[in-house]
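Tertiary structure, described
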Amino acid sequence: MSKAEARRRQEFKFLGRGVHRPGLILFGYDAERDKLYRVKIEKREAFLYDKQRRKSTSHYRATINPEHFIFYALNEKNAKRKVLKIKKIIRDGS
């Protein structure tokens with residue numbers, strides 16, 4: 001396995017889990033095509049039955065491209081503002 005492959009796999013594992021923030025929208029940004037898009041989040045609910053009580057749990061899943069920038073924003077206007085910051089970082093090379 002080459003170093004580039006190892007980095008890609010490590011990055012994918014890091015992006016595999018995250019904290020879902022209710023009230024915010026998950027956005028993705030493709031720097032190559034200069035495209036901002038909403039990431040679709042799927043909610044999966046499970047009900048667990050015990051002798052004493054019934055418990056429900058929720059899991060959220062999103063399909064993410066590891067080459068894109070992923071971030072939460074309140075609305076599209078704030079997302080565009082964050083994209084400008086990302087472009088500045090890419091341009092400066094930091």
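Residues numbered from 1 in each chain as written. Predicted model: local features only at pLDDT ≥ 70, side-chain atom pairs only at ≥ 80, totals over all residues. Heavy atoms only, no water.

Quick notes on the nonpolar core
Put simply, the rule reads: Take the buried Ala, Val, Leu, Ile, Met, Phe, Trp, Tyr and Cys residues and link them wherever side-chain atoms come within 4.5 Å; each set so joined is a nonpolar core. Whether a residue is buried, partly exposed or exposed follows from its accessible area with a 1.4 Å probe, protein chains only, as a fraction of its type maximum: under 20%, in between, or over 50%, in that order. For helices the rule is a DSSP run of H or I covering at least 4 residues; for strands it is a run of E covering at least 2, with both sets numbered from the N terminus onward. We call two residues contacting when some pair of their heavy atoms lies within 4.5 Å.
If you look at the biggest cluster of nonpolar residues, it comprises 7 residues: Phe 27, Tyr 29, Phe 71, Ala 73, Ala 79, Val 83 and Ile 86. With 3 residues, the top contributor of residues to this core is helix H2 (residues 76-92). In contact with Phe 71, not counting residues within four places along its chain, are Ile 25, Leu 26, Phe 27, Tyr 29, Leu 36, Ala 79, Lys 82, Val 83 and Ile 86.

Quick look at the confidence of the model for the protein
Where we set the bar: Scored between 0 and 100, pLDDT is the confidence that the predictor attaches to each residue.
Mean pLDDT over the protein: 82, with 81% of residues reaching 70 or higher. Ranking the elements of the protein by mean pLDDT puts helix H1 (residues 3-15) last with 52 and strand S2 (residues 35-38) first with 96. Note on residues 10-15: pLDDT under 50 across the span, and 5 contacts to partners over four residues away in sequence or across chains.

Topic: the packing of aromatic side chains
Note the threshold: Two aromatic rings from Phe, Tyr or Trp, using only the six-membered ring of Trp, form a pair when their centres are within 6.5 Å; if the ring planes differ by under 30 degrees the pair is stacked, by over 60 it is edge-to-face, and anything between is tilted.
According to the stated counting rule, one finds 2 aromatic pairs in the structure shown. Here the aromatic rings of Phe 27 and Phe 71 are separated by 6.4 Å at their centres, their planes lie at 25°, and the arrangement is stacked. On the criterion of sequence distance, the pair formed by Phe 27 in strand S1 (residues 25-30) and Phe 71 in strand S5 (residues 69-73) is long-range, its members being 44 residues apart. Like Phe 27, the residue Phe 71 is buried in the burial classification.

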